[in-house]
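Structural features, examined
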Amino acid sequence: MQLSSSIKKNKILMSLLLVVMLQACGPHKPQFMGTPFEKHTNLKETGFTQKKLDSMRSYISKNLTTEGMIILKNGKLLFEYGNVEDLSYLASVRKSILSMLFGKYVENGTINLDETIGEIGVEEDGGLIDLEKTATVHDIINSRSGVFYTPVNGGSDNKNILKRGSKKPGEYFVYNNWDYNVAGYIFEKKTGKDIYQELEDQLAIPLGFQDWNIKNQKKQYKKSKSRYPAYHMYISVRDMAKIGQLMLNDGKWNGKQLISKEWIKKTTSTITSTEEINKRKGLNESSPYQLSYGYMWWIIDNIKHHPDFEGAYHASGYGGQYITIIPKLNIVVAHKYKLTPLVKLGVKRGKDVPYWEYFGLLHDYIATKK
């Protein structure tokens, strides 16, 4: 028993030493200069006052563990809080970004949403059953595959994962990282492109990311669980805001159509209803916050019944990573929760900013009066 305890202590010490060494190395510096946002010089054109912005800043500092936050209004910088340059993993925000990358390849026929994973050659060492192999790409990117296989990474809705073979593909939604990781595999297999290189080509370069370096991107593997890695993304708050602004612009940037308007409309349209999401989350129709789900984007159906949020949608990552698009206000919000240095390397995490606290902030400080 003493030997076992000693081995465990040594492993912990070695892990901590590795973390310290990695921290000393730090992230790779940005590859290119990037383009900063133009700032509002007159708040009158925004509908906000300095008093309101100062009040929001005070509330965040006292009540939330926000690391960095940016608000864009009419494409210009309205509000900036904390560290907006730091790189840390986006958690499940990565899925919404992958949905954007899918667009042109679905539209040019490279990716067929009706093709089954069996036809593509998706398989696991533990084996997939025939029913599971009939799941289509469409089912995969909507997390309705019916393949209840264990993924390499946590963050799935494990309490709603069912017995394998108990549901047909397409008939049951459950938030399962196996689907999302397989979506990354399908993207790379069908396009012949690396996800991170495609992210650089489709988004980082044309949008003028300020903190991007492809060397900072890395996948998470654990082949004892699954063949398919999680394609984690490491992007700063200010570059997240640019992704949100592109979505608000219906895919257009500096006069160029980077992602088609039709794909953005499709990917942010409801596939899984509010009622079905509520069942998974244990909520009911009286909840002040209602969500439905599209192609790896969350659709915001209700924030305290305020009309400003009609048509809003967002990307959401575990702990408090968000990119929120509010078309009626012409606003984009990018947010990260406070991460300790160890968190950034996946070892330890801080206190969350859960979605209800974040949505409360949006309602109280960003929405207009009723």
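For the structure, check the block above.
All of the points below concern the structure found in this document. Sequence order sets the numbering: in each chain, residues are counted from 1 along the sequence as written. Note on the predicted model: pLDDT of at least 70 is required for a residue's local features to be given, and 80 or more for side-chain atom pairs to be given and counted; whole-chain, interface and lining totals, by contrast, use all residues. Only hydrogens and water are set aside; all other atoms, that is, all heavy atoms of the structure, feed into the side-chain values.

1. A few points about the pairing of strand β1 (residues 66–73)
What counts, and what does not: Buried residues are those whose accessible area, probed at 1.4 Å on protein chains only, stays under 20% of the maximum for their type, while exposed residues exceed 50% and partly exposed ones sit between those limits. Numbering of helices and strands starts at the N terminus; helices are DSSP runs of H or I of at least 4 residues and strands are runs of E of at least 2. For two strands to be treated as a pair, DSSP must find no fewer than two bridges joining them.
Counting buried positions along β1 yields eight of eight residues, so the element is predominantly enclosed. The sheet contact formed by β1 and strand β9 (residues 331–337) spans seven bridges and is antiparallel. Along β9, the bridge assignment pairs Gly-68 with Lys-336. Linking β1 back to strand β2 (residues 76–82) in an antiparallel pair, the connection comprises two residues, with Asn-74 at a positive phi of about 55°.

2. Some details on the layout of surface pockets
Condition: Note on definitions: the grid is 1 Å and covers protein atoms alone; a cavity is a set of points where a 1.4 Å probe fits but cannot get out; a pocket is an open set with protein on both sides within 12 Å along at least five of seven lines; lining residues have an atom within 4 Å of a point. Grid points are joined across faces, edges and corners, and a volume is the space filled by probe spheres set on the points.
Within this model, the second largest pocket holds a volume of roughly 270 Å³. Around the second largest pocket, the lining comprises 15 residues; the ones closest to its centre are Thr-35, Phe-37, Gly-75, Trp-253 and Asn-254. Within the residue set of the lining of the second largest pocket, elements represented by two or more residues are α7 (195–207), α8 (237–248) and β3 (252–253).

3. Quick look at the environment of Lys-265
Tracing the sequence through the fold places Lys-265 in helix α9 (residues 261–267). Take Lys-265: its relative accessible area is 62%, and that puts it in the exposed class. Between the C-alpha atoms of Lys-265 and Met-247, which are 18 residues apart in sequence, the distance is 9.5 Å.

4. Examining the packing of helix α3 (residues 93–107) against helix α6 (residues 177–191)
How two helices sit against one another is set out by the angle between their axes and by the gap between those axes. As a reminder of what qualifies: Every angle, taken between N-to-C directions, lies between 0 and 180 degrees, and every axis is a line fitted to C-alpha atoms, over only the stretch in contact when it is a helix. The scheme is simple: roughly parallel for angles under 35 degrees, roughly antiparallel for over 145, roughly perpendicular for 65 to 115, oblique for anything else. Put simply, a crossing is left-handed when the front helix is turned counterclockwise from the back one by less than a right angle, and right-handed when it is turned clockwise. The contact definition used throughout considers only heavy atoms, calling two residues in contact when any of these lie within 4.5 Å. When residues are grouped by polarity, Ala, Val, Leu, Ile, Met, Phe, Trp, Tyr, Cys and Pro land in nonpolar, Asp, Glu, Lys and Arg in charged, and all others, Gly among them, in polar.
Closest axis-to-axis distance for the α3/α6 pair is 11 Å, and the angle between their directions is 30°. Taken as axis vectors, α3 and α6 run roughly parallel relative to one another. Seen along the crossing, α3 lies across α6 with a hand that is left-handed. Along the contact surface, α3 presents Arg-94, Lys-95, Leu-98, Leu-101, Phe-102 and Tyr-105, while α6 presents Asn-177, Tyr-180, Asn-181, Ala-183, Gly-184, Phe-187 and Thr-191. Within the contact of α3 with α6, the residues separate by chemical class into seven nonpolar, four polar and two charged.

Distances and angles like these do not, on their own, reveal function.
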